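An overview of the molecular structure
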Amino acid sequence: MKNILVTGGAGFIGSNFIHYMLEQEEDVSLLINLDLLTYAGNLENLKDIENDTRYRFIKGDIRDKALVENLFQQYDFDTVVHFAAESHVDRSIVEPEIFLTTNIVGTQTLLDAAKRHWKLEPGNKYSREYRQGVRYLQVSTDEVYGALGKTGMFTERTPLSPNSPYSASKASADMVVRAYHETYGMPVNITRCSNNYGPYQFPEKLIPLMIHNACHDLALPVYGDGMQIRDWLHVKDHCSAIHTVLTKGKIGEVYNIGGNNEKANLEIVRLILAELGKPESLITYVKDRPGHDRRYAIDNAKITAQLGWKPLYTFEDGIHETIQWYLGHTDWVERITSGDYQNYYRNMYDKAEPLA
Ligand code: NAD
Ligand code: TYD
């Protein structure tokens, strides 16, 4: 690992990953962050490292072939970690098209550029030889597997069965990555992680939205009965898992990443209210999300047994630290929740009917 291309590095997980790599990985000569700075991208997340000589930011679109090609030529990447995506299920229900172009076409654009630069004989369609040490890592999600009933867990062999336009776009991108490995022999990995929480998460997702609303004594909109279950992992544990796959993962393999930490949404909302000393009367049940996946659970046996990775955070410590982080970064929260966020929130929640 010398020259790394990180896409979507101004978002939640990407910015945590850039911090993680610059702190933990000695073998980084140059880390390029390619990000379009959509509503979800925020360079403030990277302010403390913007003068690090190993780091450079490029504003641009992963779907821009010429730009991506130029970046490969200029920086001679040997590693690509692809985070950039439209990532919010609720937005995908309202506006699916951008999820398909960003998440699927964007992935293919990156794969094509990497193939052209890494293949020893780029003009020979039968050749499967690549430069030593190159690797493309696709950051995917457990949501590609669909929903579980009361029991069972997703393994890497669970068939893909996505239910939302977001998860369908991520599953499609995974299939494209798989196809580039099977057809062209490209050195790839796919990681599929459960729900992340931690610093720098945009307050459209459950945990930061509930912290933000509770701090302002606003209603906490819980979809349906609030008994949907997610497996929650601290973002730093996700970053260490991706680092582990980059350094020890077997080429061509998929790795599930999860924290063995299933929680119902309502349990999390109550925990946030208790920690902030706010009343449960703020909880407001609203009409359920269409196609809402009832339960996700990740079997992480492969990455733990084969690569020796394990999460370091307990949920109790992680959520406490996260709530404290948001309380200590009210300026950051206020800046991103003014302006466009207000329109998003009104459109999303003012029309959300109370549960009958
Ligand atoms: P995010 O929405 O916070 O960040 C996405 C970033 O991608 C933003 O900085 C945005 O500006 C950038 N981006 C969007 N479109 C772009 C484009 N066309 N070109 C360049 N940059 C673009 O997302 P996140 O929560 O940090 O998720 C990162 C990745 O991890 C995604 O691929 C997501 O599917 C995956 N993932 C997320 C979770 C989670 O719980 N958040 C869990 C598992 C997997
Ligand atoms: P979210 O953070 O959007 O992640 P995902 O849909 O990718 O799992 O939502 C997590 C859970 O919280 C999901 O079951 C939907 C629920 N939820 C609410 O009940 N209310 C909300 O306002 C939001 C944003 C989410």
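Refer to the structure presented above.
Quantities reported herein were computed from a predicted structural model and do not represent experimental measurements. (Residues numbered from 1 in each chain as written. Chains lettered and ligands numbered in written order. Predicted model: local features only at pLDDT ≥ 70, side-chain atom pairs only at ≥ 80, totals over all residues. Heavy atoms only, no water.)

All right, on to the sheet that holds strand β11 (residues 262-264) then. Within the open sheet, the three strands sit side by side as β7-β9-β11. Their pairing is mixed. Looking along the sheet, the strands with just one partner apiece sit at the ends: β7 (195-197) and β11. Within the sheet, the average angular offset between the axes of one strand and its neighbour, ignoring direction, is 50 degrees. In the sheet, strand β9 (residues 229-234) pairs with β11 via three bridges, with the strands oriented antiparallel. Bridge pairing links Ile229 to Ala264 in β11. Contacting β7 and β9, helix α7 (residues 235-248) crosses the sheet at an angle of about 75 degrees to β9. (Pairing = 2+ DSSP bridges. Helix = DSSP H or I, 4+ residues; strand = E, 2+ residues; numbered from the N terminus. Axes fitted to C-alpha atoms, helices over the stretch in contact; angles between N-to-C directions. Contact = heavy atoms within 4.5 Å.)

Next up on the list: the site of ligand 2. Taken together, the neighbourhood of ligand 2 is formed by 17 residues, with Glu143, Arg230, Arg289, His292 and Tyr349 sitting nearest. Note that an oxygen atom of ligand 2 is positioned 2.9 Å from one of the side-chain N or O atoms of Asn265. For ligand 2, an oxygen atom lies 2.7 Å from a polar atom in the side chain of His292. Protein contact buries 97% of the 510 Å² of open area that ligand 2 shows by itself. Partitioned by chemical class, the residues of the shell around ligand 2 number seven nonpolar, five polar and five charged. (Near = heavy atom within 4 Å. Polar contact = N/O pair within 3.5 Å; in protein donor to acceptor, adjacent residues only side chain to side chain. Areas by Shrake-Rupley, 256 points an atom, 1.4 Å probe, with all protein chains shown as cover. Nonpolar A, V, L, I, M, F, W, Y, C, P; charged D, E, K, R; others polar.)

Now for helix α6 (residues 206-215). An α-helical segment advances 3.6 residues per turn. Residues three or four places apart therefore align on the same side. The buried fraction of α6 amounts to eight of the 10 residues, a majority that puts the element mostly inside the structure. Residues Ile207, Pro208, Leu209, Met210, Ile211, His212, Asn213 and Ala214 constitute the buried set of α6. Backbone geometry just downstream of α6 places Asp217 in the positive-phi region, at approximately 55 degrees. (Buried < 20%, exposed > 50% of the residue type's maximum accessible area, 1.4 Å probe, protein only.)

Relative to the helices and strands, Glu86 is located in the loop between β4 (79-82) and α3 (89-94). One buried charged side chain, Glu86, makes no salt bridge at all; its nearest oppositely charged neighbour is Arg91, positioned 6.0 Å away. Filtering out sequence-adjacent residues up to four positions away, Glu86 remains in contact with Thr38, Tyr39, Ile98, Phe99, Thr102, Asn103 and Tyr166. (Lys, Arg positive; Asp, Glu negative; His and termini not counted. Salt bridge = Lys/Arg side-chain N within 4 Å of Asp/Glu carboxyl O.)

Moving on, we come to the site of ligand 1. Around ligand 1 lies a shell of 29 residues, among which Ile13, Asp35, Ser87, Tyr166 and Lys170 are the nearest. Asp61 is positioned with one of its side-chain polar atoms (N or O) 2.9 Å from a nitrogen atom of ligand 1. Every element with two or more residues in the shell around ligand 1 is listed here: α1 (12-24), β5 (135-141), α5 (165-184) and β7. With three residues, β5 is the single largest residue contributor to the shell around ligand 1. Within the shell around ligand 1, the residues separate by chemical class into 13 nonpolar, 12 polar and four charged.

Applying the stated criterion across every chain yields a total of 20 aromatic pairs. Looking at Arg91, its charged tip hangs above the ring of Tyr39, at a distance of 3.5 Å from the centre. (Phe/Tyr/Trp six-rings, centres within 6.5 Å; stacked < 30°, edge-to-face > 60°. Lys NZ or Arg CZ within 6 Å of the ring centre and 35° of its normal.)

Moving on to the pattern of salt bridges. Taken as a whole and assessed by the stated rule, the structure comprises 17 salt bridges. Salt-bridge contacts for Glu280 lead to Arg270; the nearest nitrogen and oxygen are separated by 3.1 Å. In this pair, Glu280 is assigned in the loop between α8 (265-276) and β12 (283-286) and Arg270 in helix α8, connecting sequence segments 10 residues apart. For Glu280, a relative accessible area of 43% corresponds to the partly exposed category. Bridged by salt links that share partners, the residues Arg91, Glu204 and Lys205 form one connected network.

A few words now on the packing of α6 against helix α12 (residues 340-350). Across the interface, α6 lies against α12 with an axial gap of 15 Å and an inter-helix angle of 100 degrees. Classified by the interaxial angle, the pair formed by α6 and α12 is roughly perpendicular. Counted together, Leu209, His212 and Asn213 of α6 and Tyr341, Tyr345 and Tyr349 of α12 form the full contact between these two elements. For the contact of α6 with α12, the residue count by class is four nonpolar, two polar and no charged. (Parallel < 35°, antiparallel > 145°, perpendicular 65-115°, else oblique.)

Right, let's get into the pairing of strand β2 (residues 30-35). Burial analysis of β2 places six of its six residues in the buried class, the great majority of the element. Bridge analysis of strand β1 (residues 3-7) against β2 gives five bridges, and the strand direction is parallel. Pairing of Asn3 across the sheet is with Leu30, part of β2. Between the parallel elements β1 and β2, the chain passes through α1 in a crossover that is right-handed. (Right-handed = clockwise from strand over helix to strand, strands pointing away.)

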